[in-house]
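# Structure at a glance
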Amino acid sequence: MRISAVRAHPAGAPLRRPFAFSQWLFTHRETLIVEVETAEGITGWGEAYGPAKPNAAAVMEFFAPKILGRDPRDTEDLWQFLFARSLDYGQKGTMLAALSALDIAFWDIRAKDAGRPLYRALGAARQRSVRCYATGFYPPREDDGETAEARFEAEAAQYRAMGFRAAKMKVGFGLERDVHLVETVRRALGEEIRLMIDANHAYDPITAVALARRVEQHDIGWFEEPVSPLDMEGYLEVKRGTTIPIAGGECEATRFAFEPWLRRRAFDYAQPDLCACGGISEGMKIATLASAHSVHVTPHAWGSAIGQAAALQFYAARPRHPGSLTPEEKWIECDSTENPFRTEIVAEPVRFEAGEWLLPEAPGLGVEIDRDALKRFAL
Ligand SMILES: [Mg+2]
């Protein structure tokens, strides 16, 4: 089998209702879908996390010419080759996002060629579904005409109706406002639904600990990115200061960068994004390292249906440790914000039922791009 063409599809769409997180206001979304075509007629799809056009340039100008004619099923060899060729220029960010997209596409092809869903090609037994948590509760823009409180109450009702048993909300808007919003969401969700909080690295360690202590009483499942991803000592300080488990790692890439975080258990939940951390190949290595340090892995997933499927397939196959007859339930992220790339660019999105994703039974990632829809969002 040989690679005959690589194509990059930068996609963008304005949001009908802009929303904020602790770093900026989202008014549109964009992503990069990557297509790898083989002479044998099997096509693989991947996705790169981050700014679409710079990622497209890395895919098309830098990586693509180096892999034409290669066998895409040689996933390990290709990863090492491409990583070695880009190491001197970028060990995370654009270069790794581009490599991630290609690796996901290679794995899509490899699993399609094997006639198996990707998670089964990775060695996992058949599973029906995995539990997921709703990522939402982003405050609206101030002139939106709706208060955060009203919007959050409506969202909570929607997630309950959809059967979610866990949800994650944004914090990082200032201590008092955060405490108020956590109280609002907890009240709206009720006591039965797990609630996680995510500051997107808005705080210094002292403020993060102060917030954690103020909301501990609301049974918080984890506190995600409490402090800067560049401050491992800060993470450890927050961990010492609260009983809430700590999550992080969505800004990190490769086993090499994750290793000290895992060895020191700077977070309890590692959250590599498959579209940024190095793809399926590297995600599995990060998960293996995590299992050796008893750190849970639950991927960050905020992209298109391709990235969502990659995260789901990876999650179903990830190494787990410790084992148990009755393991505590874990969750994978289900971005529940406005995102046309999750629902409109594939012929059939991953099926969702009562708070769970059903694992696709088709070979590969299990989702196929609708080319006409992809064209509508072309940047
Ligand atoms: Mg996050």
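Since the structure is predicted, the reported quantities are computational estimates derived from the model, not experimental observations. (Residues numbered from 1 in each chain as written. Predicted model: local features only at pLDDT ≥ 70, side-chain atom pairs only at ≥ 80, totals over all residues. Heavy atoms only, no water.)

### Brief notes about the pattern of salt bridges
Spelled out, the test is: The salt bridge criterion pairs a side-chain nitrogen of Lys or Arg with a carboxyl oxygen of Asp or Glu, the two atoms within 4 Å. Note on classification: 1.4 Å probe, protein chains only; a residue is buried when its accessible area is under 20% of the maximum for its type, exposed when over 50%, partly exposed between these limits. Per the convention used, a helix needs a DSSP run of H or I reaching at least four residues, while a strand needs a run of E reaching at least two, with both numbered from the N terminus.
Taken as a whole and judged by the stated rule, the model has 34 salt bridges. The salt bridge partner of Asp143 is Arg141, with a shortest N-O separation of 3.0 Å. Since its relative accessible area comes to 59%, Asp143 is described here as exposed. A salt bridge links Glu259 to Arg263, with the shortest nitrogen-to-oxygen separation between them at 2.8 Å. A residue pair is termed a helical-turn pair when its members lie 3 or 4 positions apart in one helix, as Glu259 and Arg263 do in helix α9 (residues 254-263) at four residues. A relative accessible area of 25% means that Glu259 is categorised as partly exposed. Each member of the salt-bridge network shares a partner with another, and the members are Lys168, Lys170, Asp198, Glu224 and Glu333.

### Observations regarding the coordination of the magnesium ion
Worth spelling out the cut-off: Counted as donors are N, O and S atoms no farther than 2.8 Å from the metal, or 3.2 Å for Na, K and Ca; water is not among the atoms, and sites may therefore look incomplete.
Donor atoms from the polypeptide that bind the magnesium ion are Asp198 (OD), Glu224 (OE) and Glu250 (OE), placed at 2.0 to 2.2 Å. Spacing between the donor residues of the magnesium ion along their common chain follows D-x25-E-x25-E. Of this pair, Glu224 sits in strand β7 (residues 220-224) while Glu250 is found in the loop between β8 (246-248) and α9, placing the two residues 26 residues apart along the sequence. Since its relative accessible area comes to 0%, Glu224 is described here as buried.

### Brief notes about the sheet that holds strand β1 (residues 3-20)
In plain terms, the rule: When DSSP finds two or more bridges between a pair of strands, those strands are recorded as paired. Orientation is described by axes fitted as lines to C-alpha atoms, over the contacting stretch for helices, and by angles from 0 to 180 degrees between their N-to-C directions. Contacts are residue-level and defined by heavy atoms, with any inter-residue pair within 4.5 Å sufficient.
In spatial order, the strands read β1-β2-β3; together these three strands make up an open sheet with antiparallel pairing. For this open sheet the edge positions go to β1 and β3 (43-48), each flanked by a neighbour on one side alone. Pairs of neighbouring strands in the sheet enclose a mean axial angle of 20 degrees, with direction left out of account. Here strand β2 (residues 25-38) runs beside β3; their pairing, made up of six bridges, is antiparallel. When the sheet's bridge partners are listed, Ile33 is paired in β3 with Glu47. The strands that helix α3 (residues 94-114) touches are β1, β2 and β3; relative to β3, the one it contacts most, it runs at about 150 degrees.

### What to know about the packing of aromatic side chains
Our working definition: Classification of ring pairs rests on two measures: the distance between centres of Phe, Tyr or Trp rings, Trp counted by its six-membered ring, which must be within 6.5 Å, and the angle between planes, read as stacked under 30 degrees, edge-to-face over 60 and tilted in between.
Applying the stated rule across the entire model yields 23 aromatic pairs. An angle of 85 degrees between the planes, with centres 5.4 Å apart, marks the rings of Phe137 and Phe152 as edge-to-face. With Phe137 in the loop between β4 (129-135) and α5 (148-162) and Phe152 in helix α5, this residue pair connects regions lying 15 residues apart in the sequence. Neither residue differs from the other here; Phe137 and Phe152 are each classed as buried. Ring centres of Phe341 and Phe377 lie 5.4 Å apart, and the angle between their planes is 85 degrees; this geometry places the pair in the edge-to-face category.

### As for the environment of Ala101
Tracing the sequence through the fold places Ala101 in helix α3. Along the chain, Ala101 and Ile33 lie 68 residues apart, while their C-alpha atoms are 7.6 Å from each other. Discounting chain neighbours no more than four positions away, the residues touching Ala101 are Val34, Gly46, Glu47 and Ala48.

### Observations concerning the pairing of β7
Strand residues, when the strand is regular, have side chains that alternate between the two faces of the sheet. Cut-off, in case you're wondering: Think of it like this: strands point away, you trace from the first strand over the helix to the second, and a clockwise trace means the crossover is right-handed.
Burial of β7 is extensive: five of the five residues sit out of reach of the surface. Of the strand pairs in this sheet, strand β6 (residues 194-198) and β7 are connected by three bridges, and their pairing is parallel. Bridging from a neighbouring strand, Leu195 pairs with Ile220 of β7. Following the chain from β6 across helix α7 (residues 205-215) to the adjacent parallel β7, one finds a crossover that is right-handed. Relative to β8, β7 runs parallel, the two sharing two bridges.

### Quick word on the domain arrangement of the chain
Defined as follows: A domain assignment, automatic or from a database, supplies the domain bounds used here. Buried area: the sum, over both parts, of the accessible surface (1.4 Å probe) that disappears when the two are put together.
Taken domain by domain, the chain consists of domain 1 (3-116) and domain 2 (120-371). Taking only C-alpha atoms into account, the centre of domain 1 sits 22 Å from that of domain 2. Listed per partner, the contact involves 44 residues of domain 1 and 55 residues of domain 2. Together, the buried faces of domain 1 and domain 2 total about 4100 Å²; carbon and sulfur atoms form 60% of this surface. Among the residues domain 1 hides against domain 2, the three largest losses belong to Arg29, Tyr49 and Arg116. Together they make up 18% of the total.

### Focus on the packing of α7 against helix α8 (residues 232-241)
How we decide: Each angle receives one of four descriptions, namely roughly parallel if under 35 degrees, roughly antiparallel if over 145, roughly perpendicular if within 65 to 115, and oblique otherwise. Crossing handedness: left-handed means the near helix sits turned counterclockwise from the far one by under a right angle, and right-handed means the same turn made clockwise.
The N-to-C vectors of α7 and α8 enclose an angle of 25 degrees; their axes lie 9 Å apart at closest approach. In this view, α7 runs roughly parallel relative to α8, as classed from their interaxial angle. Like other packed secondary-structure pairs, α7 and α8 cross with a definite hand, here right-handed. On α8, the residues touching Pro205, Ile206, Ala208, Val209 and Arg213 of α7 are Gly234, Glu237, Val238 and Gly241.

### Overview of the pairing of strand β11 (residues 332-335)
Side chains Ile332 and Cys334 project from β11 onto one buried face, and the interleaved Glu333 and Asp335 project onto a second face that is buried too. Sheet topology places β4 next to β11; four bridges connect them, and they run parallel. Across the sheet, residue Ala134 finds its bridge partner in β11, namely Cys334.

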